[in-house]
Structure formats: structure tokens, C-alpha cells
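Structural description and commentary
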Amino acid sequence: MTEMTEATRATGVLASNRPSGGDADTGAGDGAEAGRWDLEAIRAQFPILSREVNGHPLAYLDNAASSQQPLRVLNRVERYLREQHANVHRGVHQLSAEATEAYEDARRSVAAHAGTADPAEIVFTRGTTEAVNLVASSWGDAFVGAGDGIVLTKMEHHSNLVPWQLLADRTGCDLHFVDVTPGGTLDLDDFDRLLEKRPRLVACTHVSNSLGTLNPVREIVDRAHAAGALTLIDGAQAAPHMLTDVAGIGCDFYAFSSHKMCGPTGVGALWARRELLAEMPPYQGGGEMISEVRLEGSSWAQVPHKFEAGTPNISGVVGFGEAARFLADLGPEAIASHENTLKSAALNRLGEIEGLHLYGPREGRTAVFSFTYGDIHPHDLSTILDQRGIAIRAGHHCNQPLMDHYGISATARASFYFYNSPEEIDALCDGLAMAAEVFGGIA
Ligand code: PMP
């Protein structure tokens, strides 16, 4: 599945995979019942959205960096900590059993979000970054050697680049980069040329965190497989906006983060095909990941526990599970529909502003907008907007090679989520007009 609207096709998967009888807080009154999108009711579930910043109502447009958390997630984490906390898996006492059940229940709801029927294919990590590092270390060290190729793209987040550079340093493998067109899409002819080198792996982002480009991951995976390569998809910017259909995409690894999809920070997941996880060596050693330990050597626990050494971020995982359930209850169609409305409106409004250069494609994109405005430095823009309560991000967005590709050092980036309102687009545009005034016009 590559298109946001196609997320709707996976609804049945989610509904049928959804764990029943979990101890989630009720989803009643979430604002999206029966196809109705009651933005006010949805926003009311995010306490932070009603605060003021610098005397103005907050317009939070930094969702690609981290999204906000609804009461349901905050309450679930608090309930876990107040009533159920103990270490997981090892205890026989009641609290440990409850904590373990909460932790494994979260694995089931995250698995349902990813589109797998097998929760054991979900490895909890610290986030997308650690998920990619896990694959690069475990699979990479075991199966990649000197002269082997890894194909990446020029639009990868540093998280899906630096771990492969480290692997290249360790093994002598070669990294190749698919070019990005001036319009902000992947050059698939260049991709085909790189596939002629018969790489071991293609690792590519599902959605660009700078350009908003929605990459044709199904196509990319098919071509990579035909060339004999495994595939890793960085889903950090896709999983928050659509149900992931790992089976439909057909990839081998898929990485995503909780904190960009209404969950807590410091937790995320790697989905991988069970056979791959089974043949990969452990990533880190310690407690929880072993079957037996002797002074002479050790054996490993079954997947996914083999990859979860030490005491995990239990409350974070519980919150992550609740966030996945929250998104499922809102409904992927409803989320996509509201985000599409915001995206079209923002594209039109930003497109009308003279001197504003918007990066990324017009079609096949999400509501992430990187732009420069005249010669105002993106950091200055961000500061001026902040004075009006508008939170955007400025910088290289962990995409330095992409910035180099466009010959710039930074952009301003406004990124929307399902709880944003059309009024916040107005606020952004008014704020930009004010910035132009402050700078005496746009060069
Ligand atoms: N990949 C992409 C495309 C991202 O946008 C991000 C976060 N900005 C990451 C990876 C890294 O995610 P995390 O920091 O949650 O590990």
C-alpha cells in the first residue's frame, strides 16, 4: 500500500487483528464516531492543544518531529504506573503478570497497526532509529560482507543512513544512493540502474520527513526483490497517518516510532518477517533475551524476546499500544480524509505566497511542507512564528545530504496532523505575512 487513501483498504485487517478484551480505556467520545469528524471533540482530547504560547493559542505544526498525546494515552500510562507497574516476564506475582499482560497486549495492538497477524514479528525498540540500527547490526553484521551493496536514497533521514555508514565501516560494503528529482520524488530509473549491482538490501523511507513525498514503496520492494535484495522501509512518517500494511507492501523490515503517532517518546517498533528474525543473531546481550546462560556460553530466547535485552520501557510500550488503538478507533479513512483536506488547503495557500519556495511534489505527498521564504533564514521565520504561538521547525531535519542536493542548508517545515485545523493554516499564513513585514518585504 502506498497511497494514503489506500489505507482504507486495510481497515478490515485492523479490525480483524485487533486484540479483543484488552484493558484499554474506552474509545467512546473520540470525535470520529460513525464517520463524523468533530474536530473540536478530537482536539479536546489533547490537553496541550488548548494552551497558549506567547499570548496566542498554540498552533502546533511540528508533528513530523513529534506528535501530541491524547488523554487516552496519558491516562493509560498513568493507570499502568499507578496500578500495574512491575517488571515484565520474569515474575510470578500478580503485578508482574498484569504488567506482562499490558506489555504483550500493546504488542498485539502495535502488530495490528503494522498489519501483521503475528505479534511475535514486532520487536519493541527505542524508536525508528534503534530499529534501523538493530537491522544494520544484527542482520548486517551477519549477512553483509566486503563489496556487497546497500541501496539507500538521497532523501533518507540520518537514522536510515548513518547506521549503514557504520556497517560499511565495519564490513567494507558499498553504499549507493538513489537520486532525487528536482520535483522531490525518487528517480526510479536511477534506482533500476543501482539494482543492476545486485545489492543485498534496499532501505528507503516510506514518506520523506522533509519533502512529504509518499514513495511508491510497493513498487520499490517489488523491484528490489526481483533483483534479489531484501528491503527495509522507514515508516516513521507514514505509520502515524495510515495503517501500515506490511504484507501488502511486501517488505522484509519496517521501522516506526511511537512518539510520532500519539504515543510516548523513547519507544518504537521493528516489524520483520519471523523467519528473518529467527535467523538473525541477537542485537544486544543481557537479561530477558536468553534461554539459558552458562559460563561457557548462552542460548537465546524465541523471537521477539531475543531482541529485547534488559528491562524494556514498559510504560512507554503500554502507551504506544494505546496510541495504536486510539488511531484505529479514530479510523484511518477519517484521519486520511481530514489530513487530505488540510493538505490541499495548505498547498493552495502556501502556493499563493510570493517568494515562498515549497519543496516536494504537489501530488503523492503528505501534509509536511518544507519551504524557504525569500532570503529570510528559516530559524528567523520559526522565531517570528513562535512569537505568535505557531510551532514549526527550522533546520536540516536530519536530512543534510538532501539539503546539499538542493544546495540549501535549511528549510522551515510546517507539518500537520489530524488534530490540526484550517484556522491554523490561516495563522501560519498570517505569521508569514508578518515575517515579511518584519524583514521589510521579500527579496
Ligand atoms: N526516519 C524518519 C523519516 C524520521 O522522520 C525520523 C524522525 N524525525 C526518524 C527516522 C527517526 O525517528 P526516531 O527519532 O523516533 O528514532
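Everything numeric in this text was worked out from a predicted model, so none of it was measured.

1. Some remarks on the pairing of strand β8 (residues 230–234)
Extensive coverage of β8 is indicated by the burial of five of its five residues. Side chains of β8 alternate between two faces, with Leu230, Leu232 and Asp234 and Thr231 and Ile233 buried alike. Across five bridges, the pairing between strand β7 (residues 201–205) and β8 is parallel. Paired with Thr205 across the strands is Asp234, a residue of β8. In this region the chain leaves β7, passes through helix α8 (residues 217–226) and returns to the parallel neighbour β8; the handedness of that crossover is right-handed.

2. Some thoughts on the nonpolar core
The nonpolar side chains of soluble globular proteins are, as a tendency, buried together. Membership of the largest hydrophobic core comes to 51 residues, with the highest contact counts inside it found for Tyr254, Phe256 and Phe418. If you list the elements that add at least two residues to this core, you get α3 (71–84), α4 (94–114), β4 (122–125), α8, α9 (246–249), β9 (253–257), β10 (268–272) and α11 (314–330). The biggest single contributor to this core is α11, with nine residues. Each of domain 1 (3–69 + 331–438) and domain 2 (76–327) accounts for three or more of the residues forming this core. Apart from the residues within four sequence positions on either side, Phe256 is in contact with Val110, Ala114, Gly127, Thr128, Gly235, Ala236, Ala239, Met261, Gly268, Ala269 and Phe320.

3. Brief notes about the site of the ligand
Surveying the vicinity of the ligand reveals 13 residues, the closest of which are Thr129, Asp234, Gln237, Ser257 and Lys260. Thr129 has a polar side-chain atom sitting 2.5 Å from an oxygen atom of the ligand. The contact in question runs from an oxygen atom of the ligand to an N or O atom on the side chain of Ser257, over 2.7 Å. Relative to its free-state accessible area of 400 Å², the ligand is covered by the protein chains to the extent of 85%. Split into classes, the residues belonging to the shell around the ligand amount to one nonpolar, 10 polar and two charged.

4. A look at the confidence of the model for the protein
Of all residues in the protein, 92% attain a pLDDT of 70 or more, and the chain-wide mean is 93. Between residues 1–28, whose pLDDT stays under 50, and residues either more than four places distant or in other chains, the model counts 66 contacts.

5. Looking at helix α12 (residues 332–351)
Taking 1.5 Å per residue, 20 residues should reach 28 Å; α12 reaches 27 Å between its end C-alpha atoms and fits that length. Looking only at α12, the buried set comprises Pro332, Ala334, Ile335, Ala336, His338, Glu339, Asn340, Leu342, Lys343, Ala346, Leu347 and Leu350.

6. Regarding the domain arrangement of the protein
Each assigned domain of the protein is listed here: domain 1 (3–69 + 331–438) and domain 2 (76–327). For domain 1 and domain 2, the distance between their C-alpha centres works out to 24 Å. Taken together, the 48 residues of domain 1 in the interface contact 47 residues of domain 2. In this assembly, domain 1 and domain 2 are joined by zero salt bridges.

7. Focus: the sheet that holds β10
In spatial order, the strands read β4-β10-β9-β8-β7-β5-β6; together these seven strands make up an open sheet with mixed pairing. Two strands bound the open sheet, and with one partner strand each, they are β4 and β6 (174–178). Averaged over all adjacent pairs, the angle separating strand axes in this sheet is 20°, with direction ignored. One ladder, built from three bridges, connects β8 with β9; its direction is parallel. Bridged to Asp234 within β9 is Ala255. Across the sheet, helix α5 (residues 128–143) lies against β4, β5 (149–153), β7, β8, β9 and β10, angled at about 150° from β9, the strand it touches most. Contacts from α8 reach β7 and β8 within the one sheet, and its direction differs from that of β8 by about 160°.

8. Examining helix α7 (residues 188–195)
Three or more residues of α7 are buried, namely Asp190, Phe191, Leu194 and Leu195. Angular distribution of buried residues about the axis of α7 spans 145°; they occupy a single face of the element. Of the surrounding elements, those touching the buried residues of α7 are β5, β6, β7 and α8. Regarding α7, its N-cap is Asp187, as a side-chain oxygen of that residue lies 3.1 Å from the backbone nitrogen of Asp189 further along.

Here is what the cut-offs are and how they apply
- Residues numbered from 1 in each chain as written.
- Predicted model: local features only at pLDDT ≥ 70, side-chain atom pairs only at ≥ 80, totals over all residues.
- Heavy atoms only, no water.
- Buried < 20%, exposed > 50% of the residue type's maximum accessible area, 1.4 Å probe, protein only.
- Helix = DSSP H or I, 4+ residues; strand = E, 2+ residues; numbered from the N terminus.
- Pairing = 2+ DSSP bridges.
- Right-handed = clockwise from strand over helix to strand, strands pointing away.
- Core = buried A, V, L, I, M, F, W, Y, C linked by side-chain atoms within 4.5 Å.
- Domains from an automatic or database assignment.
- Contact = heavy atoms within 4.5 Å.
- Near = heavy atom within 4 Å.
- Polar contact = N/O pair within 3.5 Å; in protein donor to acceptor, adjacent residues only side chain to side chain.
- Areas by Shrake-Rupley, 256 points an atom, 1.4 Å probe, with all protein chains shown as cover.
- Nonpolar A, V, L, I, M, F, W, Y, C, P; charged D, E, K, R; others polar.
- pLDDT = per-residue confidence, 0-100.
- Expected span 1.5 Å × (residues − 1).
- Salt bridge = Lys/Arg side-chain N within 4 Å of Asp/Glu carboxyl O.
- Axes fitted to C-alpha atoms, helices over the stretch in contact; angles between N-to-C directions.
- Arc of directions from axis to C-beta.

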